[in-house]
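Here is how the chains run, residue by residue.
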Amino acid sequence: MSTEVWPSLLEPRLHGADELCAVSAEGVRIRFEDGRELLCGSSGLWNVNLGYGNEAIARACADALRDASYLSVFRYENTYARRAARALVEVAGAEHYGRVFFSTSGGAANDLVMKLARHYHALRGDGTRRLVVGLRDSYHGLTFGGFALTGENLGQSVYGVDQRLVRHVAPNAVDEITQLATQQGSRIAAVVVEPVLGSGAVPLTPEYVETLLELRDRHGFLLVADEVATGFGRTGDFFASQRWPAPPDLLITSKGLTNGTHAAAAVLMPRALADPFDAAGDVFVHGETQAGTPVTCAAILATVEEMRRLDAVASARRLSALLDEMLEDLVATEPLVSATTGIGCFRSIRLCTPEGEPLPQQEVPEVVAAIRRAGAVVHPSVNGVQILPALVYTDDELAELLDCVRRGARAHALDRAGLAGGSEAV
């Protein structure tokens, strides 16, 4: 057993387990060290939207590594970054966006956004705007800024995360965000929201989005769409916020940005947001060694091109409609499934006990393990599991995924009742 690797968010007793050590992946399947090949039901970590081993993206990366190796956007620019920025502005909407700041992860990009919002207001003579507002149960990463903004209790106090300039309100609670904006609007630098809260696959309601846009116009804060998980076709549009009545001031994208091939993120904004910096000749103090490198930007460009070639957004809409039908049937026919949430190819399946109670959260890892034994890789959600099929799934693969969820939930219920020998959750 190899135990040199310290994996993220995995309890220590499972470190070194071969059944959790992947060796390769192709299409929508992952092979593990113990010899099993499993269906990937979560697109990696929400990021491999076009499936594993895409040849066009691999070739683009190889060419960039050979031709340019390493070039940065730290006190310099490079042509790869210029082309990638132009492509992102085009798919997001050049009528609104005009500037792109490259980063390396969703968490780091959230740090960047919090800093940028405060600096922007300071340059406009409004330095008291330092509060950043997020949503309860949201997830914005585990770097210190993103961790402060994350609305789940994940041990922020243990790590000394400074949340004094962060406020959290309940998602989709119009009265609560309205009250906070009325009381603190002149001090709020930005409100950062996921169009679909990642932790429970909870979409923002149209009414709530309209309220956020109206409050932005009234109180002058920046509205940020954290589309780390929802971007690149995941919800049936290239970006989920493209369905909003008006665009956000800043858009964060990561995960699907390179089809999961590189540590990459980008923050898109209108040119007007950079105007105060240009007018003052002021430098925004943020930089990351591996941000905007040739290989990363080549992957971004190739991913955008492959999204178009494969018509991935249309595929996501087709799969979403099929998911609607299959999930409705799952809820109707499986007593252990109480409900589903989410939109597009971003769903959560809520489970219950045989007695009809919500599945205890501490049992969710056991269900994840049971589904893995049934043949599919999924990740935990609130009282259940999340499924995020790749946008290149076939109908049969989608049916296979839901069958694995059904069989895993049933196996766990039997184990729970002591009727199946109490298998270990690995």
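Look above for the structure.
Residues numbered from 1 in each chain as written. Predicted model: local features only at pLDDT ≥ 70, side-chain atom pairs only at ≥ 80, totals over all residues. Heavy atoms only, no water.

With that out of the way, let us pick up the packing of helix 6 (residues 174-184) against helix 7 (residues 206-219). Across the interface, helix 6 lies against helix 7 with an axial gap of 10 Å and an inter-helix angle of 10°. With respect to helix 7, the axis of helix 6 lies roughly parallel. For the pair helix 6 and helix 7, the contacting residues are Val174, Ile177, Thr178, Ala181 and Thr182 in the first and Glu207, Tyr208, Thr211, Leu212, Leu215 and His219 in the second. Taken together, the residues that form the contact of helix 6 with helix 7 break down as six nonpolar, four polar and one charged. (Axes fitted to C-alpha atoms, helices over the stretch in contact; angles between N-to-C directions. Helix = DSSP H or I, 4+ residues; strand = E, 2+ residues; numbered from the N terminus. Parallel < 35°, antiparallel > 145°, perpendicular 65-115°, else oblique. Contact = heavy atoms within 4.5 Å. Nonpolar A, V, L, I, M, F, W, Y, C, P; charged D, E, K, R; others polar.)

Here we come to the pairing of strand 1 (residues 22-26). Of the pairings in the sheet, the one linking strand 1 to strand 2 (residues 29-32) comprises four bridges and is antiparallel in character. What sits directly across from Ala25, in strand 2, is Ile30. (Pairing = 2+ DSSP bridges.)

Here the focus is the sheet that holds strand 17 (residues 384-387). The antiparallel open sheet is built from four strands, whose spatial order is 13-14-17-16. Strand pairing shows two members of the sheet lacking a second neighbour, strand 13 (337-343) and strand 16 (379-381), which therefore form its edges. For this sheet, the mean angle separating the axes of adjacent strands, direction not counted, is 30°. By the bridge criterion, six bridges tie strand 13 to strand 14 (residues 346-351) in an arrangement that is antiparallel. Across the sheet, the residue bridging to Ile343 is Phe346, located in strand 14.

By definition, the strands of a sheet pair up through backbone hydrogen bonds, in either a parallel or an antiparallel sense. The four strands lie next to each other as 1-2-3-15, forming an open sheet whose pairing is mixed. Looking at the sheet topology across the chains shown, the edges are occupied by strand 1 and strand 15 (376-377). Pairing analysis gives two bridges linking strand 3 (residues 37-40) to strand 15, with the strands arranged parallel. Bridge assignment links Cys40 to a residue of strand 15, and that residue is Val377. Contacts from helix 12 (residues 395-416) reach strand 2, strand 3 and strand 15 within the one sheet, and its direction differs from that of strand 3 by about 105°.

Turning next to the side chain of Asp249. Here Asp249 lies in the loop between strand 10 (222-227) and strand 11 (250-253). Here Asp249 falls in the buried class, since its relative accessible area comes to 15%. Within polar-contact distance, the side chain of Asp249 engages the side chain of Arg216 at 3.5 Å. A polar atom in the side chain of Asp249 sits 2.7 Å from the backbone nitrogen of Leu223. Those residues within four positions of Asp249 in sequence are excluded, and the remaining contacts are His96, Arg216, Phe221, Leu222, Leu223, Leu268, Met269, Pro270 and Leu273. (Buried < 20%, exposed > 50% of the residue type's maximum accessible area, 1.4 Å probe, protein only. Polar contact = N/O pair within 3.5 Å; in protein donor to acceptor, adjacent residues only side chain to side chain.)

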